[in-house]
Structures are given as C-alpha cells and as structure tokens.
Amino acid sequence: MAKTKTSYFCQSCGYESPKWLGKCPSCQQWNTFVEEIVEKKTGGIPDWRNITHTAVSRTNQPHKIQEITYTEEHRLITPDKELNRVLGGGIVGGSLVLIGGEPGIGKSTLMLQLALTLPKIKVLYVSGEESEQQIKLRAERILSSPLSDCYILTETSTQNIFKQIEVLEPNIVVIDSIQTLHSAHIESTPGSVSQVRECTAELLRFAKESNTPVFLIGHITKDGMIAGPKILEHMVDTVLQFEGDRHHVYRILRAIKNRFGSASELGIYEMQGSGLREVSNPSEILLSLREEALSGVTVSATMEGMRPMLIETQALVSNSPYGTPQRSATGFDTKRMNMLLAVLEKRCGFKLGAKDVFLNIAGGIKIEDPSIDLGLIAAIISSHEDIPISHKICFAAEVGLSGEIRAVTRIEQRIAEAEKLGFEQIFISKYNKKGLDLSKFQIAIQTVAKVEEVFELLFG
Ligand code: TYD
Ligand code: MG
C-alpha cells in the first residue's frame, strides 16, 4: 500500500511544516499545528479534469504584449446596484469571489437574494449548511416568485458537486460555505487548512476553465480574518467582506481585494424582514433626526470608498468613579481615540486624565477615515464642557500629534455632500483651501489650522 503523505499546518495562518511545532514561525500563535493528510495515494488525477472535457492539456505560447488584443470583459450586471459597484461594475465571467463575514450577518441572505433575482439566468446554489426546506423558507421571505432559474443543491463533496454542474450547466455557482466542502483527494476533515485549499483550487480550475463565475461564502475567525489559510485570499480574484453590527440593521459590503475593479468600493444595505435592501443615500439614514443641538454630538463628512457619507459621532465624558478611567469606543479605533485625548490634554490643557470617555459612531458602522478626528475631539470637548454644538455645523479634518489640523482627500465631495444635506457651516483644514473654489458652495466654509482655534470659534 502506498504511504500517505502528511504535513503539519498552522490552523491560524496556513503555514506548512514537515514536523510539529509549538509556535508558528509565521503568525507567532501557540499550539496551532495539526497534522493533516495532504495526499491520498489513489492514483487518480483531480476530478474536475476527469469529468469535463474542456480541460485538454495545452501549452501556452508567449505573445508580444503589443499583439495581445484586449476586449472589455463581459460583465453580468446584477439587479443589485450595491453589489455591482463593489465588484467593479458587475460580475466578471470565470471570476472566483470570496465573501467573508461574521455568522448571522447575512452572507447567505445576500447570496440567495442574488441567486433569486438574476433574470433568466441559471444559478446553482450549493449549501452545505442548511437543508432545502430551510433555504426555501428563506427564499419565500426574500422573493416568493424567483426571476431566475435557481437550483438548490445540498451537497458537500466537490466531486458530486461537479457531477451535478456537468448535468445542469449553470451560469453562476454559489457555494455556502467553503468550510463545509470536502474533496475526496484529501483525507482531512472539512474546514481544515488543506481541505479548504484543495476545494478552492478545484473550484478555481472549474471557474477558469468553464468561464463560470463562482461565489464562495467563507467563515471568519474570532479576530475577523477569513478562516482558513491566507492563501485562500491569494487564490481568489475578489475578496468581499460583509460587516456591520448584528444588532443594527445596516450592513456594509466592502471590497478588500479586487482583480477587476477598485478595492476601495463599498455597498450599503439595510437588513429588513424581507431580505436586504440597497441603501443608495447613506447619509440621510446615518444622521439621527434631531431638532435641537445636544452636547457631545457632532457630524463629520467622511469618505467610505469613493462615496461621501455624513456620520454622527457621540461622545460622553464623565467623572470616573474608579481609579482607572474607562475609555471605550464603538466603531472607532480605541488607540486613535487615546491619541486624540492625549492631544487635547497636552496641547489644549483639558484635564481628561481622570475622566471616563465613551465614543460611539451612530448606525453601528466602523469608520477608519481619519477625517473624523476633528469632529470627534469637538464632540469630546462639547460633552466635557456641556456646551452643545449647533446641529447645522459639520467637520472634515484630521488632527495631528501637535494639535495641527491636517488636510483630507476629496474635500470638494465632502463639502458638496454636507451642503446637500442642509448643513450651514463646515470646518476644514486651512491646508485644504489650496485649489478649492469656494465660490461654488453656498455653505459657509471655516478653515482652521490649530485645535485651539476650533475651540475658540465653537465655545469661545
Ligand atoms: P444569514 O444570511 O443566515 O447569515 P450568515 O449566512 O452570514 O450566517 O443571516 C441571517 C440573519 O438575517 C438572521 O438573524 C435573520 C436575518 N434575516 C432578516 O432579518 N431578514 C431576512 O429576510 C432574512 C432572510 C434574514
Ligand atoms: Mg449562512
């Protein structure tokens, strides 16, 4: 009998080692190595090649770059505008798209909704997680009469899936989820590093050789990475992340990697009783409708991908009842908040050392754009001094370590969005003024260079 080959894999990052190691040299995690059988000596060749006739072995010839003709790839435009945007303008034939996200965030809902609403397209939805009845029940909630030819297959073996694909010849395949699949060529359990890698490789071959787009749903680990080897992200063409707070209705679909479009695009959805609804004007819903100014609340004009978005930030500063004050931020990086607090303490003389500081970004979304800095510190001081800031004012600037107000990108778009939503004044960095045509805007533009100036203007 032929010997089976085994190897040790780090379950956290996919690092491969011929012997067991206590600590992963790649990701520094302890005790993550598991022995996996990498090759089962059955003498067979990968099944996708066995089943289909498309894969004739051919060798590619080098071509001079001038001689290569370029045709605009044909894209399938879906009825979901947000998804089109994130994919870079529709689904590219033969592309492999990975969608990651926390459990319960709505990955299956998003994909089933896509599968149901593509007009006159044959979709195969493969589920290894739910039964046909459960999927039917979900489909009923989303759309009672599907526009597409949607087939449901509950199967986890890739060989059997390919057999069904051969018969059905779908235009699009959705796999829910990659961690439930297993290939007969590998003996380790579904979800293990080598299984995930092998199943993805087989699907990749299928996608490229048949020019069929394949969507893979992937689980994520507790620290927010897509579970399975990092190599998974290298293998696929596009990685999308579906995120949001499960207790809020808003969801963001973000492109992390995209071979066919910009990786800074994002789509916004609202989870409703009947599936996901596209949100085309995010600012209006993220701003709570308030009639009067409240202390500790400000609005910032941020950019999410290529889209301007007005976000409400709330701060609460109170005396700490304990020795160590609490600092907590929801939807914002805590380290950056601490930095901003240090700037306020050192540069502006506010005594925040013995205060609890809580920050919250409304709507349960996460903001990484540093242009929110100025709005945040204004909210903190507004709460600290208990002086409200007019709800007709908004902010768009970064704050540096010495308390200087720094310029941000795409300032015109931000100003235009603020104006559109009825704000009367916007605070921006003085360094953003260069090349900016102020006469274009009705909104009052206040340029500032130092944080002290801002406080003087707001509370002075
Ligand atoms: P699901 O798509 O199963 O999440 P995932 O596949 O990412 O684990 O999302 C399920 C959640 O969405 C569940 O809590 C119920 C909710 N939901 C709605 O609010 N409306 C709907 O129309 C559907 C189908 C689900
Ligand atoms: Mg699911």
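As a reminder, the structure under discussion sits directly above these lines.
Every value quoted in this text rests on a predicted model; they were computed, and no experiment measured them.

Section: the site of ligand 1
Around ligand 1, the surrounding shell holds 15 residues, and the nearest of these are Gly 104, Ser 108, Thr 109, Gln 272 and Gly 275. Between Arg 138 and ligand 1, the recorded distance is 3.0 Å, taken from a side-chain N or O atom to an oxygen atom. Within the backbone of Gly 275, a nitrogen or oxygen atom sits 2.5 Å from an oxygen atom of ligand 1. Elements supplying a minimum of two residues to the shell around ligand 1: helix H3 (107–117), helix H4 (132–142) and strand E13 (266–272). For the shell around ligand 1, the element with the most residues is H3, which contributes three residues. Among the residues making up the shell around ligand 1, the classes are represented as three nonpolar, eight polar and four charged.

Let's talk about the nonpolar core
Counting 43 residues, the largest nonpolar core has Phe 332, Leu 374, Ile 380, Phe 395 and Leu 458 as the members making the most contacts within it. Secondary-structure elements contributing two or more residues to this core are E13, strand E16 (307–319), helix H9 (334–348), strand E18 (355–361), helix H10 (373–385), strand E19 (393–396) and helix H12 (451–459). When residues in this core are grouped by element, the largest group, seven residues, is from H10. Apart from the residues within four sequence positions on either side, Leu 458 is in contact with Ala 378, Ile 389, Ile 393, Phe 395 and Phe 427.

Some words on the packing of aromatic side chains
Counted according to the given criterion, the structure contains six aromatic pairs. For the ring pair Phe 242 and Tyr 269, a centre distance of 6.0 Å and an interplane angle of 80° mean the geometry is edge-to-face. Here Phe 242, found in strand E11 (residues 238–243), pairs with Tyr 269, found in strand E13; they are 27 residues apart in sequence, far enough to count as distant. By relative accessible area, which is 2% here, Phe 242 ends up buried. Judged by centre distance (5.5 Å) and plane angle (90°), the ring pair of Phe 350 and Phe 455 falls under edge-to-face. With Phe 350 in the loop between H9 and E18 and Phe 455 in helix H12, this residue pair connects regions lying 105 residues apart in the sequence. In this structure Phe 350 comes out as buried when scored by relative accessible area, which is 14%. Among the aromatic residues, those joined into a cluster by ring pairs are Phe 350, Phe 455 and Phe 459.

Conventions used here
Residues numbered from 1 in each chain as written. Chains lettered and ligands numbered in written order. Predicted model: local features only at pLDDT ≥ 70, side-chain atom pairs only at ≥ 80, totals over all residues. Heavy atoms only, no water. Near = heavy atom within 4 Å. Polar contact = N/O pair within 3.5 Å; in protein donor to acceptor, adjacent residues only side chain to side chain. Helix = DSSP H or I, 4+ residues; strand = E, 2+ residues; numbered from the N terminus. Nonpolar A, V, L, I, M, F, W, Y, C, P; charged D, E, K, R; others polar. Core = buried A, V, L, I, M, F, W, Y, C linked by side-chain atoms within 4.5 Å. Buried < 20%, exposed > 50% of the residue type's maximum accessible area, 1.4 Å probe, protein only. Contact = heavy atoms within 4.5 Å. Phe/Tyr/Trp six-rings, centres within 6.5 Å; stacked < 30°, edge-to-face > 60°.

By themselves, these observations are geometric and do not establish any function.
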